[in-house]
Structure formats: C-alpha cells, structure tokens
Protein chains: 4
Amino acid sequence: MLVVMDVSATPQQIEQVVKVIESRGCTARPIPGGDRVSIGVLNNRGPVDASMFIGLPGVKDAVPITKPYKLVSRETKAGDTLIQVGEVTIGNGHLTIIAGPCAIESETQAITIAGYVKKAGAHLFRGGAFKPRTSPYSFQGLGEEGLKILAKVRERTGMPVVTEVMDFPTFDQVEHYSDVLQIGTRNMQNFSLLKRAGESYRPILLKRGMAATIEEWLMAAEYIMAQGNHQVILCERGVRTFVHHSRNTLDLSAVPVVRKESHLPIIVDPSHAAGRRDQVLPLSRAAVAANAHGLMVEVHHQPEKALSDGAQSLYPDQFDILCRQVTDIFAVSGGQEPF
Amino acid sequence: MLVVMDVSATPQQIEQVVKVIESRGCTARPIPGGDRVSIGVLNNRGPVDASMFIGLPGVKDAVPITKPYKLVSRETKAGDTLIQVGEVTIGNGHLTIIAGPCAIESETQAITIAGYVKKAGAHLFRGGAFKPRTSPYSFQGLGEEGLKILAKVRERTGMPVVTEVMDFPTFDQVEHYSDVLQIGTRNMQNFSLLKRAGESYRPILLKRGMAATIEEWLMAAEYIMAQGNHQVILCERGVRTFVHHSRNTLDLSAVPVVRKESHLPIIVDPSHAAGRRDQVLPLSRAAVAANAHGLMVEVHHQPEKALSDGAQSLYPDQFDILCRQVTDIFAVSGGQEPF
Amino acid sequence: MLVVMDVSATPQQIEQVVKVIESRGCTARPIPGGDRVSIGVLNNRGPVDASMFIGLPGVKDAVPITKPYKLVSRETKAGDTLIQVGEVTIGNGHLTIIAGPCAIESETQAITIAGYVKKAGAHLFRGGAFKPRTSPYSFQGLGEEGLKILAKVRERTGMPVVTEVMDFPTFDQVEHYSDVLQIGTRNMQNFSLLKRAGESYRPILLKRGMAATIEEWLMAAEYIMAQGNHQVILCERGVRTFVHHSRNTLDLSAVPVVRKESHLPIIVDPSHAAGRRDQVLPLSRAAVAANAHGLMVEVHHQPEKALSDGAQSLYPDQFDILCRQVTDIFAVSGGQEPF
Amino acid sequence: MLVVMDVSATPQQIEQVVKVIESRGCTARPIPGGDRVSIGVLNNRGPVDASMFIGLPGVKDAVPITKPYKLVSRETKAGDTLIQVGEVTIGNGHLTIIAGPCAIESETQAITIAGYVKKAGAHLFRGGAFKPRTSPYSFQGLGEEGLKILAKVRERTGMPVVTEVMDFPTFDQVEHYSDVLQIGTRNMQNFSLLKRAGESYRPILLKRGMAATIEEWLMAAEYIMAQGNHQVILCERGVRTFVHHSRNTLDLSAVPVVRKESHLPIIVDPSHAAGRRDQVLPLSRAAVAANAHGLMVEVHHQPEKALSDGAQSLYPDQFDILCRQVTDIFAVSGGQEPF
C-alpha cells in the first residue's frame, strides 16, 4: 500500500497517517517527493485495506501495491500444480478436454452423448444435475437422479465426471457422486460454499465470476485453499461487457496472467462465453493457442431438443473436428511460453 | 420471441422452426417481410429460450420480446407494494432511511452509532454480523454475537434492524434476530438462498448483483416471490463498469425503470456505490431526487478505526446533514413522477 | 510512478531500473520493503510512461501515483472557473440550463421550441446543425443553413446558442455563428480537433467520451487549455456499460470527482444518457442534486416527428415541470458541498 | 423493427403507431399475440429509428430486427473481399502480418526494425508518424519527416507501409506516402474523416472503437464504402471493460461474427489489446486460431528506449518465434471454418 498525500498536506496530517499505519502493526515509510509526500506501508501480514486511509484528512489516494493472495501465488509455490482425477492429469504439459451436455436429461441422453465425446477424445464428462437458472420457471435439473446417471456414465465409459454443486444441503450428495465439483460463475463469491469446498476431498473446478477481476477470482481460490483443499482448477468462461454479439466476452489474456501469477491450472469454457454454436470452434482453438490447460465444451446429439443451452451445444461431429484441431494447435504452442 | 430467418432461408427451414415452436406448445406466426421472414412465438406460458432457435439452419437471430417475470411485474399487480416493518412503512409515498456501520464490532460501537443515526432521522438500523469479504484473512464479522447486539439495539432504540444472511446453516438464526434480511450483491443469483428466502416470514432486502441486468434482478425477486414471500425490497448499489473513480457506478436510471416495470419498492445504497465518503452525500441526494423509496447509508463514529469499509462511512454530523437535505429533496420530487 | 520489483529481483535488475529512471531526467528512490523492493520515480516534469518499466527484467508492475494533468487541476488553480456567455454565467453558484431540439430541422421548428424553452427558464439554446450519425444514410443536419437559423434564434430570443463542431473544414463557420462550441462524445479524443478548439475565442463544451475515464476526459480538456483557450465546460452524458435499459449509464459520481479534481464547471446531459423520455426528468433532478453546474436537455414540440432522437425529447410542458423541480433542488443543495 | 405495445394499449394507440410507420413510407403489420399486440415495420429503405416509437403512448418497446448496414454485408456481397497492396493479398486464404514500431523515431530505428521483421516473415511495415496521445505533453510523432522515413523503408525493403491518418489537414500528405491508411480507435466515429477516407484511392485499415459494437464498427466501414472506397480492412484491437490486467480486453468472438456478417477482411492487433509484452504471443496465436486474416504487431529492437508503447513491443527474436508459431496454427485452422 502506498498512501499518497495532498500537495498541501500538513506535517500533522502526515503524522496521523503514520500513526494509523503503526497502530495496525505495520511499518510506515514516508517518501518525500518533488511535489508531495507518499507513505509506504511495509511489513503487513494480511491484506491492508485502502479504506483505512482514504477518508483521512490530507490523504489524496491509497494505492495497493502487493497482491493479497498467498497460497494461490506462484511466489509461494513456484512449480505448477498438477491435479489427478482418476487416470487423467490436469495441468502443465497436458491438454484436458471436458465435454457433455449442459444438463443431464435422461440416462439415454447422457450415455449417448458420453459415447460420442469419449470417442472424439474427451477425458472427462460434464453434465448438470442441479442447474442454476435465471428463471424459477425453467428446468432446474434432475437433482439426485441426475447424479446417479452421471455415476452410470462413469461406470460405462470409464470417464471421470464433473458436475456443479450449488449449495450446502446437497453438497455431500454431489461430493459423493462426482469426481470433480464445479462451482459456477454465480457462486464464485458465495464464501460459505467456498469454505465448504475447502473441506472437500474432491478437486474443485472454480469458474470465474462474470464480473470478477483476476484478483477476486484468485482470492476465491484462496478461500478454498485456506481450508486445506489445494486441488483447484480455474475456469475462464467470459466476462460481462457492453458487447452483445456473444453471451459473454471471453477474456483470453486471463490465461497468461493466471499462469504467471499462480501455479494452479486454468481451463477455458468457450460454450458459455459464446452462447452460440458457431463461435465455439474458433474460441476453442483460440483458448488452446493461448495455452489454456484444457477446455470444457457443451455437446448434445439433439441440441434443438435440449432442455437448456441448446444454442451453444455442438453436434457430435462438430466436436470431433474440434478435438482434432485443438490437439494440433496444442502441438504448436507446446503448452509453454518460450518467453 | 421473434425468430428472424436468413434472407436465403428455404421454406423447409421455415417449416422446421414452426415445428419446433409448436412442439413446445406455443403458436407460431410467420410474418413475411420485405427481405426476409420472421416468425412470432405466441401463447408461451413460461419463458421461451432463444437457444431453441439460434442454432437451427436458416435462423439468423431470435429476439426476446416479452419480459420473463410475472409476480414482480406491474402488469400482474398494478398497485405499489408497501412493506411494513414494525411501525415503518417502505414503499410509495414514504422515504425510508436505513443507517448504521458496515459491520457490528461491539455492543458499545453499535449502540453509540444507533443513537446518532436515530437522532438524525434514520428509520432502520443496519449492521453486518456475517460479512462477505473478498479475502479469507479479513474480519468476517462477529456472527451470532453480532446478531444479539443487533437485538439489543432494537430493544434500546426501537429501530427495526437489517442484517445480511449469507447461507443456509445460519439462515434460521439470522431470521430469528433480524427484522429485515438482506441478500448481498454476491448472492443475488444464489438461487438456493433465494428459495429459502422465499419461505421466510421476514421481508427481504435484495441487492442488485454487481453485473446484473434489471431483468436478472427482477427474476431473482421472482424466485423469492414464487416461494410465497411477496415482501421484497430491491436495493440498487452500483454496477461494475470500466470506471474506477468510484468503487461501482451507481445506475440511477434503474429507479424509474424498476418503478415502471414492478410494483416493488426500490431503495439505493450510495455507500457501496461510492466507496469513498466524499461521494456519499451527492449520490444520496441524487438517489432521492430520482425518486428512490429510500436509502441505506453507512455511518461510523470512528471510521478510521472501523474493521471494514471505513473509507465510505459518514461521520454522524455528516449523516445529519444528509438526512436534512434528502428530506427537503423528497418534498420537491414528491416521490411520484408527474409524467 | 512506483516501480514494483519481483520478490526475486536481483540487485542488477534494480540497478537497471534506476538507470532507466535517471536517463529520463528523473530521480529514483529505491524503497526496500519487507518482501520486495519498490522504486519511486520523483521530480518528473511531464507524464511518466509505465511502459518504460513494465517490460524490464525483474519488474512486476509500475503503478502511476500522480495525475498527469496540470492546467485543468485544482492543484494548479484553486478557485472555480466561471465562464461568461453573453449575460449567462456558467460555474459555481449558478445553475445553467441549456435546452432545445437534437437537430435544427427548420426555422419554424427552432423558433417555436426556443420560445417554449426560454419561457420555461432555459438560459441557452441548443440545436445540431452538423449531426454525427451512426448511419451514413440518416439525416446529417442542415449544415450552414442550420447555423443561420441558430443565429436567428439568438436574435429573436436573446438566448446564446450552443452547437456541435465536428471537423476542421467547418470549424470557422461554426465558430462564427455559435456562442459555445460543443465537441461531441465521439470526438473527445480527436486530438486535432481539440487543438483547433484550443485556438478558438469561444468557450468549448466538451462532452465525455462514452468510454472515457475522468483522467482521459480531463486530459482532453488539457489539450484545449494547453493551446491557450481556458474556457472549457465539461459535460457528463453517460458511459457505455453492460446495462441496456438506458442508452448509456449516467455516471453521477463524476460530478463530485470532477469538482474536486478540477476548477472547470461540469454540466450533465440526461437526454443522451437516458435515450428515453421517461428517464429524463428523474435523471435531471438527480444531476442537480449531485451538484452539477447545469443541464443540457433535449426538447421538441413534436417529438414523434423529430428527424433524430425524438424518443428522448421532452414535450414543452414536461420541460416546464423539469425547470421548476431542478430549481427547487438547486436551492436545497446550494451548489456547494458542506463537506 | 418490431414495436411492442403495452398489454393495456388501446386500439387508438395501435392505430397511431400504424400511422407513424406509414408516414415514413414503410408498411405496418400488426401481430395480435396472446397478451399484447406487436407491430412489424416492413419495407423500410434506410434504417428505422426506434426513437420514433419509444415515446408514443401505449408503446412498451421497439426492437430492431434487421441490421442497418448494406454495402459491408455479406447479404449484399456473398464472396470475400480480397485487398491487394503491392504484391500482398489481404483476405480469405491469406495470413498477413503487419509489424513495426509504435512510432517512427528515426531513420536508423525504422530501417533496423524493418530489417528484422521482414526477415522474420512480416508482409507489411507499420509505424506512426502522427501519433494520437492521451497527453498533449507526450511525444506526438515526427510528422512528415516520419512519412518520408516510411517511404525509405518501403524503398529499401520492398514492404508496403501502413500508418495512421488523424485529420483533414494532413490527409493528402499521408495518402501520398503510405500504402494503407490506418484510422485509429479514437477516430472510428469521426465521420468527417471516414467520408474523406471514402474518397481515397488507398485501402483503409479501420480499427474498432474501444467501446464500439460490431454494428457501429460495420456502420463506420459503411461510411467509407458509401463514398466509393470499397477497400476496407477491419482491425479488432480490444475493447474497454472492467478488466485491468490487460490494457483492453481482446474480443476474439468478433472474428467469427464479422466473417459471417461481412465480406471484408478482419485482422487483429494483439499489442494494443495486451499493453504488455508477455501477453502478445499467446493473444497472437489465439487470434490466428480464431481465423483472423492477419495480425498487426508492435516490434522494437530497444523497447526500453522507445518513445511510446515500449512495454508492449516485442524484441525481434520474440517476433521471430511468433511468426513461426502463427504460421503453424494457420495451417491447422486453414483460415476457413468447417461449419
């Protein structure tokens, strides 16, 4: 934190800021400048809140300098985290493809789609049992029945499964059936859910909030890790902007930034970013080209009959092309930046 | 919903769209235009999903026409909803001021601040017992102890109290102690929490999500009302934009839009929008001038020592000025638009 | 500027940053911290570019500390700038209302509307002669004929006139006819136009760019002032966000921020922010309540026949109510913050 | 355009809307629905303005259905536009790389960098002679001297050159020296400049405005084409969002959308999107993977000494890697979507 004083700040005002800093157990280092004085806040243990200073007389601004996250930071752990799900490894050097329908609609539907995506090259199967829907009148998912279908898919195909967990009352249930637990974009700062996830024995796939900064996203991962669960996979899925030709705006610069700041793996969900089938293939290639560790893609064999998100679901033969193209691109970028 | 076909769409493609519409129990009405055909979707009971159409061959776009909300809509209930909390009425014709610290820190702190804000003219007291914090290492609130302090404030001052409820495990507790339950911006689409709130006997103060459209916000209220609780107070608190001179950008056009679309009362939280004390007074006046039904303002007698959000908390004498100014402005605008 | 080094930065890397700073004629002040070293950049004359540092080895970030503007800053000139246009004074202590149609369509239309708005209390008349339109096929304004009509309005009513200037070839013409020259939101960073405006003898009404930060906006004013024209009126007109219930999102916290940072007057255009008639009155009241120095409002006696922006134009009797309400609100807020 | 009436709209109000539609020479087609009436607007020649309807009594909303652009649309011209610049072809089937420094600083600097980028595989050379800078006190470019240096680069290397044109007074000059004229993000809706560009004999590289929708961007291209110049290259360079880990947020879904809507070529500028060197390579690969027709990349042999934008400039050996990687990726995606 750097506290910037007004040009006209008095020595008494500077002294007061120093006292506030020291009262919090930090070290204050005044830096006389050409025009004005700034005061560095050093040796802070936890996060320092700009709001302690911004209202004080003579203070112009308080600028955060260091990042508030610890456990997620590459400064704490230099080597990449690899996450093992059954026989699948997620993280640096691997390209992991997760695919399946938006929602589990029936056993036949799930098994059919799982067959297609496995054949095309997917490593994990996804499908929603509990669905967060904007409208209370929309299909809300099959619930536990959906979880049981997921378990059957795993049994039949050998693919580990990923599904979303939405709340406390159903957490144990989802944890029991699913190999990876997804926390959705709307729950990224549901801190109670994050804490419960931090006590889970399952890897957590943490989607970025639709208006979250990378710092807030990494702090959400920090909540999980602070409870002891270090198996966190980050998932970029687009952010909300003024743009409306896609459902969200996929923020691919998040990939190099997260890979630099953190040791955790980061995958990309092009389907929710796009919201339209015809953007999914180019965005998938782009995500792998940007060195994401994997993709999560929606696939449906009858998207026009899907109970949710049909518009963004690929047909199986389209997903087949996708798998081949992203594999070739992964071979080019190698998954590692040369500089 | 209006399905817009490509200029080059074939009769077969149009026919397929008609079939999909009818398979959902709706009526299809093709509208031949100058250049292209559009197809109206009529007599839908629930929301119609654009995604059913967007991926079909020959379809250029699917444009939603009607709003998906029912119970919150003024088309369903023309008269304004008034919400009674003790002796305080919230809604059309009333200006309700809610004030207090960001977080309850101690009994002395709460009672002191409550005394100040009551004297200045506040109708309800606010204070956080369970605090959603970006960092797991920040002060998370006093929990049940905080709730008990809130109860004492009510006992001493007669003011009803408002506090945030964050999750299932603590819902009953918060419901027991607090007169109004606040659902925070980060939980606006925590649908499980919304459903539980819909079963509560307490009025719900529903903050707008920091990147929520008004439609999504009203649909969140619809979740609560669909469970039977019709006592919902909406609270605009700023949205996330590229702007960084305030913590969020207060969206005051939401006030006339919500008042037109819905019968529910809408108040404004200028403190979280601003994030800085010196913007709170002008934004408070502006909110009342825009015909909000009330304000929720953070006040602290020692903001430089506050455990959270001190920078945006007003001093008691500043809050005093605020109450007088907004009362005068409410007298001008009358709380009702002349056109 | 504060250059923040990596935790693992070497003394050589720190030395290199110091050298780069000194090679630009500035003073480098290394600040050893608990974890890492930061280096302050002092005694810079002009703006220091973060890009000089961000790419260097061992550098984690470069954080701007001081503001780049000089002439617009209240640190340079403490007292409020008042701008005189005929008998009208714009700035602190005054509430100036500018009103008229979006575009000048005919002499009859302009004179008719001018009569209405003058009677209601407007101080200046506005109307576009050269119109920036999104489509090349839309009405582009009457050009010089429109300017001549504006001159007649001034002659008949005594009201000074405001109109937009779009480019070099027509600058002299507009400057000749109009009392105040408006630079539109799309030209806020048309630096050539700003420089020409800086050589003008007319006051410039500078609209905020639809995605401009306050810093960029003040820097645009700085371009004008740096050429010698110190008569700049700033105009907030809404910014582009994800919100779509209004054409733009009116950013009223810009008013207190600009009033604190700069001595220049700031007015608000609620019509372009709203884009819909029914939001204009509440946003106008809100803008005055936030202590804007004035309003610019679109009025048309036959908005359903207007050649542009009819949807946001008030009827004359609505504008009449607006003038009375904002005058009453101005009396409450007094145009000056008490703290 | 579809005009949506209130549920309670009267037959008289519907009749009035029909009359307004017909008074503009269009056909009105009322569509009685389950709840409410909507009215289609057909046979419009130019763009229909929603503002004609939104303010009318009984009207709830007016929803645009068809796109306002003509000449840029693939519905007007189905085949891809190819643009020839010397021996370089830009458009479908080709991957064009434009590279060079942000600003021309000296003949030595330009020639040196040109040598590097040509060897690595660039097809065109870029460099600013007239620079739009946020601050009036920053380096504004060498002006005509810079143009002459660009001419020398072309002479020496055989590469055609691209440079920005900022205004009328210097248009002829830039047009004389440069093979392609760039219109920058801040001038995307400088309509006077667009019209002048429409009269030019040079291809125009039109950058997307930093807060422009694709529709506005294509309408800007329409301005150029409507004057007779059909050689327009679109350039995505990132949009302004709440995200701050990159200078702008690169919107790669713009690539498939533009390619579907328009026949014009679209390239991507990853340097201005990123603003930081370490994001340029991943974003470049991503852009080509998304099927952009080319890239425009900043390269400098001594970025730490660059007079502008050094932080985002690649070193020559980094650019060399970039060229090799994107060429390999282009071979995978083939520049054409399989579906």
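Residues numbered from 1 in each chain as written. Chains lettered and ligands numbered in written order. Predicted model: local features only at pLDDT ≥ 70, side-chain atom pairs only at ≥ 80, totals over all residues. Heavy atoms only, no water.

Student: An account of the packing of helix α10 (residues 277-289) of chain D against helix α11 (residues 316-333) of chain D is requested, with residue identities and associated values reported.
Tutor: All names here are of chain D. At their nearest, the axes of α10 and α11 sit 8 Å apart, and the two run at 20° to each other. Considering the angle they form, α10 stands roughly parallel to α11. For α10 against α11, the interelement crossing comes out right-handed. Across the interface between the two elements, Arg277, Val280, Leu281, Ser284, Arg285, Val288 and Ala289 of α10 pack against Gln318, Ile321, Leu322, Gln325, Val326, Ile329, Phe330 and Ser333 of α11. Residue composition of the contact of α10 with α11, by class: nine nonpolar, four polar and two charged. (Axes fitted to C-alpha atoms, helices over the stretch in contact; angles between N-to-C directions. Helix = DSSP H or I, 4+ residues; strand = E, 2+ residues; numbered from the N terminus. Parallel < 35°, antiparallel > 145°, perpendicular 65-115°, else oblique. Left-handed = near helix turned anticlockwise from the far one by under 90°. Contact = heavy atoms within 4.5 Å. Nonpolar A, V, L, I, M, F, W, Y, C, P; charged D, E, K, R; others polar.)

Student: I'd like a rundown of the relation of the copies chain D and chain C, residues and numbers included.
Tutor: After a rotation of 180° and a shift along the axis of 0.0 Å, chain D superposes on chain C with an RMSD of 0.1 Å. What the superposition gives is, in effect, a two-fold axis relating one chain to the other. Within chain D, D:Ala211 has its C-alpha nearest the rotation axis, a separation of 3.0 Å. A shared binding surface is used by both copies, with 100% of the interface residues of chain D retained as interface residues in chain C. (Least-squares fit on C-alpha atoms with pLDDT ≥ 70 in both.)

Student: Outline the environment of D:Val255, supporting the account with residue identities and numerical values.
Tutor: Residue and element names in this part refer to chain D. By secondary structure assignment, the location of Val255 is in helix α8 (residues 254-261). C-alpha separation for the pair Val255 and Asn291, spaced 36 residues apart in sequence, amounts to 6.9 Å. Among all residues touching Val255, those that are not within four sequence positions of it are Ile266, Val268, Ala290, Asn291 and Ala292.

Student: Residue-level account of the interface of chain D and chain C, with values.
Tutor: On the chain C side, the residues contacting the 48 residues of chain D number 48 residues. Carbon and sulfur atoms supply 52% of the area that chain D and chain C bury against each other, a total of about 4,200 Å² over both sides. Between the two partners, chain D and chain C, sit four salt bridges. D:Arg276 serves as the salt-bridge partner of C:Asp61, at 4.0 Å between the closest nitrogen and oxygen. Our count for the chain D to chain C interface comes out at 19 residue pairs in polar contact (both at pLDDT 80 or more). The set of elements that each furnish at least two residues to the side of chain D that touches chain C consists of α2 (51-54), β4 (59-63), α6 (191-198) and α7 (214-226) of chain D. (Buried area = accessible area lost by both parts, 1.4 Å probe. Salt bridge = Lys/Arg side-chain N within 4 Å of Asp/Glu carboxyl O. Polar contact = N/O pair within 3.5 Å; in protein donor to acceptor, adjacent residues only side chain to side chain.)

Student: Residues and numbers for the side chain of A:Arg240, please.
Tutor: Along the chain, A:Arg240 turns up in the loop between β12 (232-236) and α8 (254-261). Within the structure, the side chain of A:Arg240 is placed 2.7 Å from the backbone oxygen of B:Ala211, a separation counted as a polar contact. At 2.6 Å, the side chain of A:Arg240 and the side chain of B:Glu216 are in polar contact. Contact partners of A:Arg240, with chain neighbours within four places excluded, come to A:Met210, A:Asn248, B:Ala211, B:Ala212, B:Thr213, B:Glu216, C:Phe242 and D:Phe242.

Student: Could you give me a rundown of the sheet that holds strand β2 (residues 27-32) of chain D, with the residues and numbers involved?
Tutor: All names here are of chain D. Strand order in the open sheet formed by four strands is β2-β3-β1-β4, and the pairing between neighbours is antiparallel. Two strands close off the open sheet at either side, each with one partner strand: β2 and β4. Neighbouring strand axes in the sheet, compared pairwise and without regard to direction, differ in orientation by 20° on average. As judged from the three bridges shared by strand β1 (residues 2-5) and strand β3 (residues 37-42), these two strands associate in the antiparallel manner. (Pairing = 2+ DSSP bridges.)

Student: Which residues make up the nonpolar core, and what are the values?
Tutor: Counting residues in each nonpolar core, the largest one holds 319 residues, and the members touching the most others are A:Phe319, B:Phe319, C:Phe319 and D:Phe319. Contact partners of D:Phe319, with chain neighbours within four places excluded, come to D:Ile97, D:Ala99, D:Val117, D:Ala120, D:Ala122, D:Val297, D:Val299 and D:Leu314. (Core = buried A, V, L, I, M, F, W, Y, C linked by side-chain atoms within 4.5 Å. Buried < 20%, exposed > 50% of the residue type's maximum accessible area, 1.4 Å probe, protein only.)

Student: Go over helix α10 (residues 277-289) of chain A, please, and point to the residues and values.
Tutor: Residue and element names in this part refer to chain A. Between its first and last C-alpha, α10 extends 19 Å over 13 residues, near the 18 Å set by a 1.5 Å rise per residue. For α10, the full list of buried residues reads Arg277, Gln279, Val280, Leu281, Pro282, Leu283, Ser284, Arg285, Ala286, Ala287, Val288 and Ala289. With its phi angle positive at about 80°, Asn291 sits one or two positions after the end of α10. (Expected span 1.5 Å × (residues − 1).)

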